[in-house]
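What follows is each chain in one-letter form.
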Amino acid sequence: TSPVGIAGGAPALLRERPEEFEALLTLSAGSVGKALTLLDPQKRAPLMQQKEDAERMLRLLAAHAGQDEFFLLLRSLGTARDELSARLTTLLLALRDLTLLSRTEHAPLLFFTNREQAIELAASFTTARLLLISRTVEEAKEALAANANVRLTLTQLQAQLFTT
């Protein structure tokens, strides 16, 4: 498909699924080339799934419930280090937004597209807990980079996150 043909899908996506269009813009991180690539539904789908998974994890952590569901979600992220690291990076980006929103409602968002929902989710955490969760996720990412056992790292991550 030509870039012109792909770009032609932008108005339709904006009209039919405005939240997904906003997510596409957020996921492209300001890169026009990446945004054009993400107009292809097959290329956009895995990133949208990562975003949904990160939001679901944060909602489970906010509720202090669903430890089993959280563990199953973590296990579903895969065992490939690169993919898991990318997913943890996505989670860190969401945590960054929530941490800033816990301090000010006017923070620029890099992950969330719906400010009101993000503010509501941020209110479910203390700033200290968000920082602790972020550090725990970052440590898991570092462990994976240091060639730690993937399943053990995920198990430790889950245990640490539900004791914070």
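Residues numbered from 1 in each chain as written. Predicted model: local features only at pLDDT ≥ 70, side-chain atom pairs only at ≥ 80, totals over all residues. Heavy atoms only, no water.

Caption draft 1: Representation of the packing of helix α9 (residues 127-145) against helix α10 (residues 150-161) in the model. In contact at an axis separation of 10 Å, α9 and α10 are set at 170 degrees when each is read in the N-to-C sense. It follows from the interaxial angle that α9 and α10 lie roughly antiparallel. Residues R129, I133, T136, V137, A140, A143 and L144 of α9 lie in contact with α10, whose contacting residues are V150, T153, L157, Q160 and L161. (Axes fitted to C-alpha atoms, helices over the stretch in contact; angles between N-to-C directions. Helix = DSSP H or I, 4+ residues; strand = E, 2+ residues; numbered from the N terminus. Parallel < 35°, antiparallel > 145°, perpendicular 65-115°, else oblique. Contact = heavy atoms within 4.5 Å.)

Caption draft 2: The arrangement of the pattern of salt bridges in detail. One pass over the full model with this rule turns up seven salt bridges. Where R135 meets E142, a salt bridge forms, and the shortest distance between an N and an O atom there is 3.6 Å. The partly exposed category is assigned to R135, whose relative accessible area is 41%. Residue classification places E142 among the partly exposed positions, given a relative accessible area of 41%. Salt bridges linked by common partners bring D53, E83 and R87 together as one network. (Salt bridge = Lys/Arg side-chain N within 4 Å of Asp/Glu carboxyl O. Buried < 20%, exposed > 50% of the residue type's maximum accessible area, 1.4 Å probe, protein only.)

Caption draft 3: Spotlight on unusual backbone geometry. Phi at N147 takes a positive value of approximately 75 degrees, unusual for a residue other than glycine. Note on placement: N147 falls in the loop between α9 and α10.

Caption draft 4: Structural view of helix α8 (residues 115-122). Those residues of α8 that fall on the buried side of the exposure criterion are A118, L121 and A122. Down the axis of α8, the buried side of the element spans an arc of 100 degrees, and every buried residue falls inside it. Exposed residues pointing more than 90 degrees away from the buried face of α8 are listed as E116 and E120. Where α8 is buried, its residues meet α5 (41-63) and α7 (81-101). The backbone nitrogen of E116 has a side-chain oxygen 3.1 Å away, supplied by the residue at the start of α8, namely N114. (Arc of directions from axis to C-beta. Polar contact = N/O pair within 3.5 Å; in protein donor to acceptor, adjacent residues only side chain to side chain.)

Caption draft 5: Spotlight on the side chain of D97. Structurally, the position occupied by D97 is in helix α7. At 2.7 Å, the side chain of D97 and the backbone nitrogen of F111 are in polar contact. Not counting residues up to four positions away in its chain, the partners in contact with D97 are P108, L109, L110, F111 and F112.

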